[in-house]
Amino acid sequence: MAELKPILLVEDNPKDLELTLAAFEEAQLANDILVARDGAEALDYLLPADGPPPTGIKRPAVIILDIKLPKIDGIEVLQRIKSDPNTRQIPVVMLTSSQEEKDLVRSYHLGVNAFVVKPVGFKEFFDAIRDLGSFWAILNEPPPGSHRLRDVRS
Amino acid sequence: MIPSSPSHLPAPDLSACAREPIHIPGSIQPHGHMLVLEGDGLHLVRASAQAGEALGIGLDGAFGRPVESLVTGAAGAELLQGLKRVPAREPVQLGIVHLPGGGFQAIAHRSDGRTILELEDLPAEGARSLEALYPQLRQGIDQLQSALNLDDLMTRTAVEVRRLTGFDRVMVYRFDETWNGTVIAEDRNERLPSYLDLRFPASDIPAQARRLYALNRLRLIVDARYRPVPILARGGEGDAPLDLSYSVLRSVSPVHLEYMRNMGTAASMSISVMDGDRLWGLISCHHADPRQVSFAVRTACDLLGQVLSIQMAALDRGGEAERRIRLKGIEARLLAHMAAAEHFVDGLIDDSDDLLELVGAEGAAVLFEDGCHLVGRTPAEGVVRRIARRLVEAGHQDLFVTDSLASLMPEAEKHKDTASGLLAIPISQLHPSYVLWFRPEVIQTVKWGGDPHKPAAGSGSRLSPRTSFETWKETVRLQALPWRASEIEAARDFRNAIVGIVLRKAEEMAALNIELQRSNSELAAFSYSVSHDLRAPFRHVTSYAELLRARAAGKLDAREQHYLNTIIDAASSAGHLVDGLLHFSQLGRASLAVVPIDMNKLVAEVRRLLAPEAGDRSIQWSVAELPEVSGDPTMIRLVMQNLLSNAIKYTRNRPDPVIEVGSRTAPDVVEFFVRDNGTGFDMAYAHKLFGVFQRLHREEEFEGIGIGLANVRRIVERHGGSARAEGQPGKGAAFFFSLPRLSAAQSQR
């Protein structure tokens, strides 16, 4: 656990952002939380349009992605992440405001790792964030391929 | 009417009559003589028995001699010239010849390679030449040509023929498609009764007689009591019987003579009226006493008959055109009515006279979707529906027409007074929908000029018009007046127009549907975004309030705590409402994955799932064996879950809660029910139960957002079923939902 990877949180709504951060804080996760405020920012971080694949930055342990985002929406971000060999292995959790069937179907089609509707209740919401964090950031070992990839590059 | 060989005899005789070879009788009527001449030399080979008297020599000596040696003098030479030029078939008149036996009208034709010379007695008033008749004939033709319509034409024909011939009664007799006949016009004096409108069965003029009528357009019987004169050959030597089809003296069937005598007529003449090659009808003349009609007058009558044919065709075309125009007018009126009406069926039946007149029907029925509208004289609705069902079963996609419905469905015999004739047009491709027109049995629609019940002369005999009428009635039993070509065509045109209207309405509906789908999807998008956008603020309110409560718990007094808790409760219940709404809107859009469902298993699972809701209460469950249905298992499960959850919830104040689950199977549906003995409800509010966010209880009494039953109804209706509820306050409630039954094909899958 010496080298904890960060969690990338892509969220445009400041209240949701604050609440999610509060929930992570509550859950006492040791991971760094990187925040992107829209889809473009997230992609810029993960897959810069110009230049080589990111080497200097830390690859997130999990990406928590809202669906409704300015500029580039969550579904498209997901699609780009999952179609690029450099980012394909990073777990992506959709954390959305409502469960729309077509979003859900499309997300799973694109290879999402989990799809979570933000619960209305506070406690449920905190529980969900904590579970997400601990499962995807701590317990869920990245696939072996990603290790090798990182080893090769570092 | 004077059929040549009526057949009112018992069945065996009747068939004998129909077979009687009337064209080779072997004898002639006695008002003249016949000489049969052979070869270029015109040698006498046969002769009627008394021909010797006319020639002034014994027949025995005459046989074998050339005609020129038999008929001598100036008359003979002229006759001889004529005889050498006799055409192949049609008889020609060769003028008046004076022989030792008196003056005769000479008429010749050829038959079987022989020349047949007929010498007809001259009428008592003397022979008149065609030239002498010309003014009368001219007047007759003028009269026929100025006829206003067919009826008028027929009457004028009868009057003119009677004027020319002096017969006591002249009638125009018309055949229908099946050779039954009707007297459609008449002119007479008081010596013979009226036969106007009398009907005669086809058997009265059998096929071979009709053939003969078509060949030889004019026939005369001078005296019905005559004794036939045999045609003799030399030494009685046998030969093939002589074909007398074109003979003017040909002897007729004794049956026919009996018929004539029974009618009180001694003389008769008939002229065939042709419509192209078809025998259209007859001009039939009768006289109470024997009557000879000169060849010239007969020829004049034949000419009138031909003028009649021509005029008839002209008027008929005109009349048909007129009728078509009139029908088109009716059709246009009906269509305008239909187009203006809210529903086209209303436009059809509001204008009932037009609807009936369009095809000349006495009754009509319009069956569209589930409706059945009757107009005029029709069978009862149940019968009409059965008739329509028969049409569907028989697969009549197109116009269907019959003059005898009883032949299609024997049951129709009971309804002959209204529905012997049927003309049906299907008016929708989708539903079994029809316009049906009815006609009663023809006997009921017969109009009588004379009194058919007042017996004519000879009634009571086996051969009489009265018997003819009875026979005709038998032939047309369960028959309606045939539908005319113009009426059938009008019905067909009308059908196309209606189908056009129905199609247009369907297109309007389809357009409306598309519109509806669009607004539905707009609504769905709206409710989605509302739910989505409303949900977040509620979530934020609860979450921040919770955070505040966590941080400030120690600093707040009881009342502040209460305020904060209320904020959290209110926001979170608003959030749940939005969730409920979102779910409800999703249920309406999600596609159904229909498979057979084991309802017993499903109910057991739901009960296990809901066990925590019952807590430690002991509920008495009574679950019957349930049938399999087809549906979307996730959704049907939600239905059961809602109903059972409600039952558990609303029985919680009962000391002895009982929940019953059962079903009832109808032919098309299975109805399930969940009954409890809980709080129940007032039936006055039953209609509100299944609405969105409808609650019949205060929230403090029973929690919930009031969307469960709305979901139940939406799911059940999407499955093609329905939901309802029964209840009584304090006694309990029962919720029913029906699902279409599993068809045999589905259950095998």
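Residues numbered from 1 in each chain as written. Chains lettered and ligands numbered in written order. Predicted model: local features only at pLDDT ≥ 70, side-chain atom pairs only at ≥ 80, totals over all residues.

A. Structural detail: the overall build of chain A. When helices and strands are tallied, chain A shows six helices and five strands. When the helices and strands of chain A are listed from N to C terminus, the series reads β-α-β-α-β-α-β-α-β-α-α. The buried share of chain A, reckoned over its 154 residues, is 33%. A sequence separation of at least 24 residues applies to 72% of the contacts in chain A between residues at least 6 apart. (Helix = DSSP H or I, 4+ residues; strand = E, 2+ residues; numbered from the N terminus. Buried ≥ 20, exposed ≤ 12 C-beta atoms within 10 Å, placed from the backbone. Contact = placed C-beta atoms within 7 Å.)

B. Quick look at the overall build of chain B. When helices and strands are counted, chain B shows 22 helices and 25 strands. Within chain B, buried positions represent 41% of all 749 residues. Once local pairs closer than 6 in sequence are excluded, the contacts in chain B between residues at least 24 apart make up 67%.

C. Quick look at the pairing of strand E22 (residues 658-665) of chain B. Residues and elements named next belong to chain B. One ladder, built from four bridges, connects strand E20 (residues 620-623) with E22; its direction is parallel. Residue pairing in the sheet places Ser622 in a bridge with Glu660 of E22. When E22 meets strand E23 (residues 669-676), the two strands line up antiparallel, connected through seven bridges. The residue bridging Val661 from the neighbouring strand is Val674, located in E23. Here E22 hands over to E23 after three residues, the two strands then running antiparallel side by side. (Pairing = 2+ DSSP bridges.)

D. Examining the nonpolar core more closely. All names here are of chain B. By size, the foremost hydrophobic cluster in this structure holds 81 residues, and its most contacted members are Met34, Ala47 and Ala106. Ranked by residue count, the leading element in this core is helix H10 (residues 295-340), at nine residues. Among all residues touching Ala47, those that are not within four sequence positions of it are Met34, Leu35, Val36, Leu59, Ala62, Ile231 and Leu232. Listed in part, the 39 residues of the second largest apolar core include Met338, Leu348, Ile427 and Tyr434. (Core = buried A, V, L, I, M, F, W, Y, C linked by C-beta atoms within 7 Å.)

E. Here's a closer look at unusual backbone geometry. Residues and elements named next belong to chain B. A positive phi is found at Leu42, a non-glycine position, where the angle reads about 50°. Tracing the backbone shows Leu42 in the loop between strand E2 (32-38) and strand E3 (43-48). The buried category is assigned to Leu42, around which 22 C-beta atoms lie within 10 Å.

F. Representation of the sheet that holds E20(B) in the model. All names here are of chain B. On the basis of which strands lie adjacent, the open sheet formed by five strands has the order E20-E22-E23-E25-E24 and mixed pairing. Edge positions in the open sheet fall to E20 and strand E24 (722-728), since each of these has one partner strand only. Ignoring which end each strand starts from, the neighbouring axes of this sheet average 15° apart. The pairing of E24 with strand E25 (residues 732-740) spans seven bridges and is classified as antiparallel. (Axes fitted to C-alpha atoms, helices over the stretch in contact; angles between N-to-C directions.)

G. Quick look at the interface of chain B and chain A. At the interface, 19 residues of chain B touch 13 residues of chain A. Among the secondary structure elements, those contributing two or more residues to the side of chain B that touches chain A are helix H17 (485-552) and helix H18 (558-589) of chain B. With twelve residues, the single largest contributor to the side of chain B that touches chain A is H17(B). The residue makeup of the side of chain B that touches chain A, split by class, is six nonpolar, nine polar and four charged. (Nonpolar A, V, L, I, M, F, W, Y, C, P; charged D, E, K, R; others polar.)

H. Quick peek at the sheet that holds strand E5 (residues 102-111) of chain B. Residues and elements named next belong to chain B. Strand order in this open sheet of seven strands is E1-E11-E3-E2-E6-E5-E4, and the pairing throughout is antiparallel. In this open sheet, the two edge strands, each paired with only one partner strand, are strand E1 (27-28) and strand E4 (92-99). Where E3 meets strand E11 (residues 229-233), three bridges bridge the pair, whose relative direction is antiparallel. Bridge assignment links Arg46 to a residue of E11, and that residue is Ala233.

I. Highlighting the packing of helix H6 (residues 130-145) of chain B against helix H7 (residues 150-165) of chain B. Residue and element names in this part refer to chain B. Closest axis-to-axis distance for the H6/H7 pair is 9 Å, and the angle between their directions is 170°. By the angle class used here, H6 and H7 are roughly antiparallel. Listed contacts from H7 to Gln136, Gly140, Gln143 and Leu144 of H6 are Leu153, Arg156, Thr157, Glu160, Arg163 and Leu164. In the contact of H6 with H7, the residues fall into three nonpolar, four polar and three charged. (Parallel < 35°, antiparallel > 145°, perpendicular 65-115°, else oblique.)

J. Structural view of helix H1 (residues 14-27) of chain A. For H1(A), which comprises 14 residues, the first-to-last C-alpha distance of 20 Å matches the rise-based estimate of 20 Å (1.5 Å per residue) to within 8%. Backbone geometry just downstream of H1(A) places A:Gln28 in the positive-phi region, at approximately 55°. (Expected span 1.5 Å × (residues − 1).)

K. Region of interest: the environment of B:Ala647. All names here are of chain B. Relative to the assigned elements, Ala647 resides in helix H20 (residues 633-650). With 13 residues separating them in the primary sequence, Ala647 and Glu660 have C-alpha atoms 9.3 Å apart. Not counting the four nearest positions on each side in its chain, Ala647 is found in contact with Ile659, Val674, Asp676 and Gly678.

L. Inspection of the packing of helix H2 (residues 39-46) of chain A against helix H3 (residues 74-83) of chain A at higher detail. All names here are of chain A. Look at H2 against H3: their axes get within 9 Å of each other, and the N-to-C directions meet at 15°. Viewed along their axes, H2 and H3 adopt a mutual orientation that is roughly parallel. As H2 runs across H3, the sense of the crossing is right-handed. Residue-level contacts link Gly39, Ala42, Leu43 and Leu46 of H2 to Gly74, Glu76, Val77, Arg80 and Ile81 of H3. (Left-handed = near helix turned anticlockwise from the far one by under 90°.)

M. Main features of the environment of A:Lys68. Residues and elements named next belong to chain A. For Lys68, the location among the structural elements is in the loop between strand E3 (62-65) and H3. Once the C-alpha coordinates of Lys68 and Asn13 are considered, the two residues, 55 residues apart in sequence, prove to be 9.6 Å apart. Excluding residues within four positions of it along the chain, Lys68 makes contact with Asp73, Gly74 and Ser97.

N. A look at the environment of B:Asn642. All names here are of chain B. Relative to the helices and strands, Asn642 is located in helix H20. Taking the number of C-beta atoms within 10 Å as the measure of exposure, Asn642 has 20 and is therefore buried. Here the alpha-carbon distance between Asn642 and Val712, two residues 70 residues apart in the chain, equals 7.1 Å.

O. Region of interest: the pairing of strand E2 (residues 33-36) of chain A. Residues and elements named next belong to chain A. The pairing of strand E1 (residues 7-10) with E2 spans four bridges and is parallel. Looking at the pairing, Leu8 lines up with Leu34 of E2. A crossover connection joins E1 to the parallel E2 through H1; in handedness this β-α-β unit is right-handed. (Right-handed = clockwise from strand over helix to strand, strands pointing away.)

P. Structural context of helix H13 (residues 381-393) of chain B. All names here are of chain B. Under the 1.5 Å per step criterion, the end-to-end length of H13 is 18 Å for 13 residues, consistent within 8% with the ideal 18 Å. For H13, every residue scored as buried is listed here: Val384, Ile387, Ala388 and Leu391. Down the axis, H13 shows its buried residues gathered within 95° of arc, on one side only. Those residues of H13 that are exposed and aimed more than 90 degrees away from the buried face are Gly382 and Glu393. In this structure, the buried side of H13 is in contact with strand E14 (363-368), strand E15 (371-376), strand E16 (400-402), strand E17 (421-426) and strand E18 (434-439). At the exit of H13 stands Gly395, carrying a positive phi of roughly 70°. (Arc of directions from axis to C-beta.)

Q. Up close: the confidence of the model for chain B. When pLDDT is averaged along chain B, the result is 82, and 88% of the positions lie at 70 or above. Across the assembled chains, the prediction reports ipTM 0.71 with pTM 0.51. (pLDDT = per-residue confidence, 0-100.)

R. Region of the structure containing the confidence of the model for chain A. Chain-level pLDDT for chain A is 78 on average; 80% of the residues reach the 70-or-more range. Here residues 143-154 of chain A scores under 50 on pLDDT; set against residues more than four positions off or in separate chains, the count is six contacts.

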